[in-house]
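# Chain and residue survey
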Amino acid sequence: MWFTAAGGLAAITQSGALHYVADEGIMVIASCAVYERMIKSQILAIKERKVLSKNLTFAISIMAASFPVLAQQANKAKHMKKTDSPIVATQSQTAEAPFAPIYFDSNTPVSAYLNNRPGKIYRWLEGQISSVPNKPDQFSTAEEKRIYEADIAERMAGVGHIPMIFNCQKKYNSDAQSYEINFRSSSIRNTYDVKTIDAKALNVKNIILGSENMTRDSYMAQNAYGAETRVHKMTADVYSISFPFKDSPTSIIDDGGVPVREKNLPYLIDKKLYRFNIPMQSSDARAKDKHITCMVVFSIAPPYILKYTEHKFPTRDDASEDIFKYHSFYGAIEKIAVFDALDEKIIAEADR
């Protein structure tokens with residue numbers, strides 16, 4: 001039997017001898033009932049045998065003195081909730097709060113939007129949609145589907161304009177003493193994989209915001225003539241904003257001098273270039289070059305998110321294979337801006 005003693009532990013063996021173990025790092029607490037039975041049995045044995053050793057007397061006195069403290073600890077443990085544990089309490093206090101995006105506000109510093117990462121926001125938005133109950137299936141009526149869509153719309157109505165910071169294309173023209181900042185958008189190539197909208201009819205464009213889980217690999221393959229070649233393969237999860245072209249800042253579109261209304265390109269190869277030309281002296285450009293970055297502010301609209309895969313197969317002229325899984329926000333581009341990350345000042349912007 002083990003019980004607490006000052007400076008360590010004491011034990012009573014079957015022979016009745018007391019053994020003291022000096023170990024301050026260990027503490028064993030038995031229940032009050034066990035101690036009570038132990039004391040009574042030892043006293044009964046002593047009376048029957050008429051033997052009272054010094055060691056046993058010392059042991060009983062220690063147990064008797066410990067009993068009120070142990071009783072108090074046992075009673076406290078009985079009524080303690082799991083959340084009363086110091087370890088659990090510490091963990092709960094340091095646990096991260098659920099993620100939510102920071103919405104755009106002209107009075108908010110740009111740095112406040114740094115945590116608005118594409119993957120985080122997409123997963124958060126998926127969670128908002130999936131939390132709406134009664135998702136329709138093949139057995140649902142038209143009225144049930146209408147109610148579900150109305151519930152989704154109500155939930156999404158609370159989502160504000162979302163700003164996202166990303167790197168854009170920039171080039172300094174020293175002769176013109178100006179920065180050329182470009183935002184390139186492209187069409188959705190695999191329109192067959194997008195079931196919830198008619199991308200061609202809406203002239204939907206994409207601006208890529210970032211990527212995750214990128215992998216690179218290579219393998220040997222044969223062409224139609226039996227010649228072997230090495231194919232370089234790349235896969236990634238790509239995050240983008242998809243929007244009808246008309247729902248964007250069309251005032252800064254650069255189509256090579258040809259007015260947009262007169263341009264008639266096939267949808268799949270029609271790319272749009274949003275361009276800023278920002279006057280800046282060479283000395284300022286040299287100091288700001290590493291700090292110039294871009295921001296897009298978008299709103300969402302039904303169906304809110306899109307998922308599709310674009311697969312580029314290797315050809316004789318291009319021995320590369322790309323498999324990109326797109327996770328797109330669907331809505332409108334409300335603002336495109338260029339800012340100086342050092343002083344957080346917006347130096348150029350355009351609204352739709």
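Rules behind the numbers
Residues numbered from 1 in each chain as written. Predicted model: local features only at pLDDT ≥ 70, side-chain atom pairs only at ≥ 80, totals over all residues. Heavy atoms only, no water. Core = buried A, V, L, I, M, F, W, Y, C linked by side-chain atoms within 4.5 Å. Buried < 20%, exposed > 50% of the residue type's maximum accessible area, 1.4 Å probe, protein only. Helix = DSSP H or I, 4+ residues; strand = E, 2+ residues; numbered from the N terminus. Contact = heavy atoms within 4.5 Å. Disulfide = S-S within 2.5 Å. Patch = residues over 30% accessible without salt bridge, like charges linked within 9 Å, V, L, I, M, F, W, Y side chains within 5 Å. Areas by Shrake-Rupley, 256 points an atom, 1.4 Å probe, with all protein chains shown as cover. Salt bridge = Lys/Arg side-chain N within 4 Å of Asp/Glu carboxyl O. pLDDT = per-residue confidence, 0-100.

## Observations regarding the nonpolar core
With 43 residues, the main nonpolar core has I181, F183 and F276 as its most contacted residues. Sorting elements by how many residues they give to this core places strand 10 (residues 292-312) first, with seven residues. Non-local contacts of I181, meaning those with residues more than four positions away in its chain, are made with C168, Q169, K170, Y274, R275, F276, I278, I292, C294 and V338. Counting residues in hydrophobic clusters, the runner-up holds 14 residues, among them I197, A199, L306 and F324.

## So, the state of the cysteines
Per the stated rule, a full pass over the model turns up one disulfide. Disulfide partner of C168: C294, at an S-S distance of 1.6 Å. Because the torsion about its S-S bond is 50°, the bridge between C168 and C294 counts as right-handed. Of this pair, C168 sits in the loop between strand 4 (162-166) and strand 5 (169-173) while C294 sits in strand 10, placing them 126 residues apart in sequence. Overall, the relative accessible area of 16% leaves C168 in the buried class. Residue C294 is classed as buried on the basis of its relative accessible area of 0%.

## With respect to the side chain of S178
Summarising the element assignment, S178 is placed in strand 6 (residues 178-187). Setting aside residues up to four positions removed in sequence, S178 forms contacts with K171, Y172, N173, I278, P279 and M280.

## Observations regarding a nonpolar patch on the surface
Together, L265, L268 and I269 make up an exposed nonpolar region whose accessible area comes to about 240 Å². Here L268 shows up in the loop between strand 8 (228-244) and strand 9 (272-279).

## So, the confidence of the model for the chain
With 70% of its residues at a pLDDT of 70 or more, the chain shows a mean pLDDT of 78. Taken as a whole, residues 1-35 scores under 50 in pLDDT and shows 70 contacts with residues more than four places along the chain or in a different chain. A low-confidence stretch, residues 76-92 stays under pLDDT 50, and its non-local contacts, those more than four residues away or across chains, total three contacts.

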